[in-house]
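Structural description and commentary
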Amino acid sequence: MTPVQHLNALLARPEPLLALAPMQDVTDLPFWRLMTAYGGADVYYTEYFRVHADSKLEKGIVPSIAENPTGMPAVAQMIGNDIPSLVRTAKELQQYPIAAVDLNLGCPAPVVYKKCAGGGLLREPERIDAILGALRDAVQVKFTVKTRIGFDDNAVFDRLLPIFAKHSIDLLTVHGRTVLEMYRSDVHYDFIARAVQAMSCPVLANGNVSSAKKAEQILQETGARGLMIGRGAIRNPWMFQQIRQHQHGEPILLPRGRDVLAYIHALYDAVTSPEVPETLQVQKMKKYLNFLGLGVEPSGAFLHAMRRVKTKAELFALCAEHLDHGDEMSLEPFELDLQAKDVLAGVHQ
Ligand SMILES: Cc1cc2nc3c(=O)[nH]c(=O)nc-3n(C[C@H](O)[C@H](O)[C@H](O)COP(=O)(O)O)c2cc1C
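Because the structure is predicted, anything quoted here is derived from the model rather than measured.

Definitions and limits used
- Residues numbered from 1 in each chain as written.
- Predicted model: local features only at pLDDT ≥ 70, side-chain atom pairs only at ≥ 80, totals over all residues.
- Heavy atoms only, no water.
- Helix = DSSP H or I, 4+ residues; strand = E, 2+ residues; numbered from the N terminus.
- Buried < 20%, exposed > 50% of the residue type's maximum accessible area, 1.4 Å probe, protein only.
- Lys, Arg positive; Asp, Glu negative; His and termini not counted.
- Charge placed at Lys NZ, Arg CZ, Asp CG, Glu CD.
- Arc of directions from axis to C-beta.
- Contact = heavy atoms within 4.5 Å.
- Axes fitted to C-alpha atoms, helices over the stretch in contact; angles between N-to-C directions.
- Parallel < 35°, antiparallel > 145°, perpendicular 65-115°, else oblique.
- Nonpolar A, V, L, I, M, F, W, Y, C, P; charged D, E, K, R; others polar.
- UniProt positions renumbered as here; feature names shortened; annotations may be inferred.
- Domains from an automatic or database assignment.
- Buried area = accessible area lost by both parts, 1.4 Å probe.
- Salt bridge = Lys/Arg side-chain N within 4 Å of Asp/Glu carboxyl O.

**Let's talk about the overall build of the chain**
The helix and strand tally for the chain stands at 15 helices and eight strands. Across its three principal directions, the C-alpha atoms of the chain cover 55 × 45 × 45 Å. Taken across its 349 residues, the chain has 57% of its residues classed as buried. Distance between charge centroids for the chain: 4 Å, based on 36 positive and 39 negative side chains.

Written out as structure tokens, the structure is:
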């Protein structure tokens, strides 16, 4: 079975399709492998490949599509606006066993959108029209788009949907926020529902899928064919499995504090390498723990202390202090008092 056939088979089932979101510097091959061990997504999106006139496929991301260890279809995401370069890159990506090439129309990092790529393109629907037309011709595997609902104003969404439909994209993921809403506003699920109505292709709902219960609510509210999950999967790698259990009416697996502690150890082993200095290994773990910490305890004490640890020993002593217990983990993240620019809000370069 080819990756495209595999994705088609997954879409032919009655169950919602569960995708692991692309997250730069997070969802690399070792992270994919770890997610798979915890039950795993149905489909895995790469971090974005940056595309411009001189770009080459980024060496750090290629292993995800060359060696995809998940046993499930991989989707390779691109970000850029230069049509010849996007076409060239789409062809290069299709040398690998991927199910789809995806175009990013949502990245809110100013360094990206100021160059009119990612979310910046949502200010120029005509340019999106031209890009999609060229890519549709160049992509023989599935061609998919991941979009937000506008740049500063969601009124543009009604202009975007006919453009997506015109180019017969094979799947659309909608993160139900504008670019300027970044990561912390409410998610406009009603806009995702509008996309479901307007598009003949499957639509995945994205944004704040925080638990199996919330997943069910979002599916009902939007009518989406599936869900894309990002930060929630870092915090709770069991979530894909829990959603499947909930959908089947089975009891949900309830991890305990010690299971979360074991996950943090497994994450450390997966995403750090012994040849890298320990301070950098700890730095890297903090990136994940910023998200994971939202599920550890409600006062913010774990996050505060975590940001100050320097060594591996300090890090794991802190984790053990909070998690070496048999109580069930909270299924929803705690509401912590965060700054708009806090890294937990998902700010990335
Ligand atoms: C650290 C981080 C990196 C991200 N990198 C990407 C990316 O490379 N491509 C992309 O389309 N979205 C990226 N996103 C956005 C996510 O894919 C997703 O749309 C967003 O986090 C909302 O989903 P969630 O609430 O389930 O996290 C990133 C988000 C975060 C937090």
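**Quick word on helix H7 (residues 157-166)**
Buried within H7 we find Phe 157, Leu 160, Leu 161, Ile 163 and Phe 164. When H7 is viewed along its axis, its buried side chains cluster within an angular range of 165° and face the same direction. Contacts from the buried residues of H7 go to strand E4 (100-105), helix H6 (125-138), strand E5 (142-147), strand E6 (171-175) and helix H8 (189-198). Where H7 terminates, the next one or two residues include Ser 168, which has phi positive at roughly 50°.

**Some points on the packing of H6 against H7**
Contact pair H6 / H7: the axes reach a minimum separation of 10 Å and the direction vectors enclose 10°. Taken together, the axis directions place H6 and H7 in an arrangement best described as roughly parallel. Where H6 abuts H7, its residues Pro 125, Glu 126, Ile 128, Asp 129 and Leu 132 lie against Arg 159, Leu 160, Ile 163, Phe 164 and Lys 166. A breakdown of the residues in the contact of H6 with H7 according to their chemical character gives six nonpolar, no polar and four charged.

**Some words on the UniProt feature "active site" (unreviewed entry) in the chain**
The UniProt record annotates "active site" (unreviewed entry) at Cys 107. Looking at the secondary structure, you find Cys 107 in the loop between E4 and helix H5 (110-113). Residue Cys 107 is classed as buried on the basis of its relative accessible area of 3%.

**Here's the deal with the domain arrangement of the chain**
According to the domain assignment, the chain consists of domain 1 (3-247) and domain 2 (257-323). For domain 1 and domain 2, the distance between their C-alpha centres works out to 28 Å. Of the roughly 1200 Å² buried between domain 1 and domain 2, counting both surfaces, carbon and sulfur atoms make up 73%. Three residues, Leu 34, Ile 234 and Arg 235, lead the burial of domain 1 against domain 2; their summed loss comes to 40% of the area buried on that side. For the interface between domain 1 and domain 2, the tally reads two salt bridges. The shortest N-O distance in the salt bridge between Asp 25 and Lys 287 comes to 3.7 Å. Each residue belonging to the side of domain 1 that touches domain 2 can be placed in one class, and the counts come to 10 nonpolar, no polar and four charged.

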